[in-house]
Amino acid sequence: MKILQKTLITLAAGSLLSMGAQAATSYSNGYTGQPYIGAKVGQFDLDIDNADDPTAYGVYGGYNFDSTFGVEAEYVGSDDADYRNGDLDAKTYGAYGTARYQFPNTGLYAKGKLGVAKTEVEGDYTNGLVKVSNSSSDTGIAGGVGLGYSVNPNFGVEAEYSMMDSDVDAKLLTIGAQLKF
């Protein structure tokens, strides 16, 4: 099942990249695409009993092939959260195809993304006199939705909700800012 899932994810990601590349070359309006980098902060929502939700921070970058389609990669890590009077650390790495809808006559846009993400969660706590370590690392389908606002052609802000399907179902709520080139 894992091989089939990874094959389907690879085919879906390749199709999204191919569609974006074709869209970029088929537009005759002179639009050449736009790379961007950004930083985000927010909170993980992890499906772990007796654990606080850690604060998340991350970086991301991407390329918009046109005003509708693009690709994005991100890294999001966490601070140490309380886990049974010990520590809990979470991080995720993701690669996505993105789709945007620009609301007419405004800088406001809606964004959706779908791709793959690797989620890693580690926790240490003391159970009596014994130190117990738990860890999980899994790659799965991930996606998200968000709203953004382009303050000007080179700067924007976004709020986003993402879900990563893995051993520990992780959800992520973030706000971020990006510089466009």
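Above this text is the structure in question.
Figured I'd write up the structure that's included with this text.

## Looking at the overall build of the protein
From N to C terminus, the protein includes one helix and nine strands. Secondary structure elements of the protein, listed N to C terminal, follow the sequence α-β-β-β-β-β-β-β-β-β. Each of the 181 residues in the protein was classed as buried or not, and the buried ones make up 40%. The long-range share in the protein, meaning contacts at least 24 apart out of those at least 6 apart in sequence, stands at 56%. When the accessible area of the protein is evaluated, it comes to approximately 9,900 Å², of which 60% is carbon and sulfur surface.

## Overview of a negative patch on the surface
A surface patch of negative charge is lined by D45, D47, D49, D52, D53, D165, D167 and D169. Relative to the assigned elements, D167 resides in the loop between β8 (155–164) and β9 (170–180). What makes D167 exposed here is its relative accessible area of 56%.

## Side note on the pattern of salt bridges
A complete count under the given rule lists nine salt bridges for this structure. With its nearest N and O atoms 2.7 Å apart, the salt bridge here joins K40 to E74. Taken together, the residues K40 in strand β1 (residues 34–46) and E74 in strand β3 (residues 69–78) connect sequence positions 34 residues apart. Here K40 and E74 have matching classes, each one buried. Between K111 and E72 there is a salt bridge, with the nearest N and O atoms lying 2.6 Å from each other. Here E72 lies in strand β3 and K111 lies in strand β6 (residues 108–127), a separation of 39 residues in the sequence.

## Section: the nonpolar core
Core analysis: the largest hydrophobic core is formed by 16 residues, its most contacted members being F44, L46, I48, L88, V121, M164 and L172. Listing elements by their share of this core, those giving two or more residues are β1, β5 (86–102), β6 and β9. It is β5 that contributes the most residues to this core, three residues altogether. Setting aside anything within four residues of it in sequence, one finds F44 in contact with D53, P54, A56, V76, G77, S78, A90, K91, T92, M164, K171 and L172.

## Considering the side chain of R100
Residue position: R100 is located in strand β5. One buried charged residue, R100, remains without a salt bridge, the closest side chain of opposite sign being E158 at 5.0 Å. When neighbours within four sequence positions are excluded, R100 is seen to be in contact with N64, S67, T68, Y109, A110 and K111.

## Structural notes on the packing of aromatic side chains
Enumeration over the complete set of coordinates arrives at four aromatic pairs. Plain terms: the ring middles of Y63 and F65 are 5.3 Å apart, the flat faces sit at 65 degrees to each other, and that makes the pair edge-to-face. Ring centres 5.1 Å apart and planes at 90 degrees place the aromatic pair Y101 and F103 in the edge-to-face group. Under the relative-accessibility criterion, Y101 is labelled partly exposed at 45%. Judged by its relative accessible area of 30%, F103 falls in the partly exposed class.

## Overview of the environment of V76
Mapped onto the fold, V76 is located in strand β3. Here V76 falls in the buried class, since its relative accessible area comes to 0%. Between the C-alpha atoms of V76 and G58, which are 18 residues apart in sequence, the distance is 4.0 Å. With near-sequence residues (within four places) excluded, V76 lies in contact with K40, F44, A56, Y57, G58, A90, K91, T92 and L172.

## Section: unusual backbone geometry
The backbone of N105 shows a phi angle near 60 degrees, a positive value even though the residue is not glycine. Mapped onto the elements, N105 comes out in the loop between β5 and β6.

Quick notes on the rules
Residues numbered from 1 in each chain as written. Predicted model: local features only at pLDDT ≥ 70, side-chain atom pairs only at ≥ 80, totals over all residues. Heavy atoms only, no water. Helix = DSSP H or I, 4+ residues; strand = E, 2+ residues; numbered from the N terminus. Buried < 20%, exposed > 50% of the residue type's maximum accessible area, 1.4 Å probe, protein only. Contact = heavy atoms within 4.5 Å. Areas by Shrake-Rupley, 256 points an atom, 1.4 Å probe, with all protein chains shown as cover. Patch = residues over 30% accessible without salt bridge, like charges linked within 9 Å, V, L, I, M, F, W, Y side chains within 5 Å. Salt bridge = Lys/Arg side-chain N within 4 Å of Asp/Glu carboxyl O. Lys, Arg positive; Asp, Glu negative; His and termini not counted. Charge placed at Lys NZ, Arg CZ, Asp CG, Glu CD. Core = buried A, V, L, I, M, F, W, Y, C linked by side-chain atoms within 4.5 Å. Phe/Tyr/Trp six-rings, centres within 6.5 Å; stacked < 30°, edge-to-face > 60°.

Fair warning: the whole summary comes from geometry, so function is off the table for now.
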